[in-house]
Amino acid sequence: MKVNGKEIKGKGIAYDGCHKIYILEDENDEQEAYDMGYELYILDILEKIYNNSCSLRFINNWKLDKCYVAQFEENVKFEK
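Parameters and conventions
Residues numbered from 1 in each chain as written. Predicted model: local features only at pLDDT ≥ 70, side-chain atom pairs only at ≥ 80, totals over all residues. Heavy atoms only, no water. Pairing = 2+ DSSP bridges. Helix = DSSP H or I, 4+ residues; strand = E, 2+ residues; numbered from the N terminus. Phe/Tyr/Trp six-rings, centres within 6.5 Å; stacked < 30°, edge-to-face > 60°. Buried < 20%, exposed > 50% of the residue type's maximum accessible area, 1.4 Å probe, protein only.

**Student:** Even after reading the chapter, I still don't get the sheet that holds strand E1 (residues 2–3), so can you show me in this structure?
**Tutor:** By way of backbone hydrogen bonds, the strands of a sheet pair with one another, either parallel or antiparallel. Pairing is antiparallel across the open sheet formed by three strands, whose spatial order is E2-E1-E8. With one partner strand each, in any of the chains shown, strand E2 (6–7) and strand E8 (78–79) form the two edges of the open sheet. Pairing between E1 and E8: two bridges, direction antiparallel. If you follow Lys 2 over to E8, its bridge partner there is Glu 79.

Below, the structure is given as structure tokens:
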């Protein structure tokens, strides 16, 4: 999957139900997100989650060293 031309490789998504969307890249990310109370989802529904999130939404990886979509970014394009 690509977002704005950036390849996303991950095992899943952690989502707070509002605007925080994190890409989970390994089992450690998954466990940390689960332990912190995030809902976990498969990567295939990233676009749906993004489109149904509030305007503060962003997409980063769990480790916070990759930003796929910044807050308030416009014209976000998803590719499968």
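**Student:** What should I look at first to understand the packing of aromatic side chains in this one?
**Tutor:** Each aromatic ring pair is specified by the distance between its two centres and by the angle formed by the two planes. Per the stated rule, a full pass over the model turns up six aromatic pairs. A centroid spacing of 5.7 Å and a plane angle of 80° characterise the contact between Tyr 22 and Tyr 38, whose relative ring orientation is edge-to-face. Here Tyr 22 is found in strand E4 (residues 20–24), whereas its partner Tyr 38 is found in the loop between helix H1 (27–35) and strand E5 (39–41), with 16 residues between them in sequence. Ring geometry for Tyr 50 versus Phe 78: centroids 5.6 Å apart, planes at 55°, classification tilted. Here Tyr 50 is found in helix H2 (residues 46–51), whereas its partner Phe 78 is found in strand E8, with 28 residues between them in sequence. With respect to class, Tyr 50 is no different from Phe 78; both count as buried. An aromatic cluster is present here, built from Tyr 22, Tyr 38, Phe 58 and Trp 62 joined pairwise through their rings.

Read these as geometric descriptors, not functional statements.
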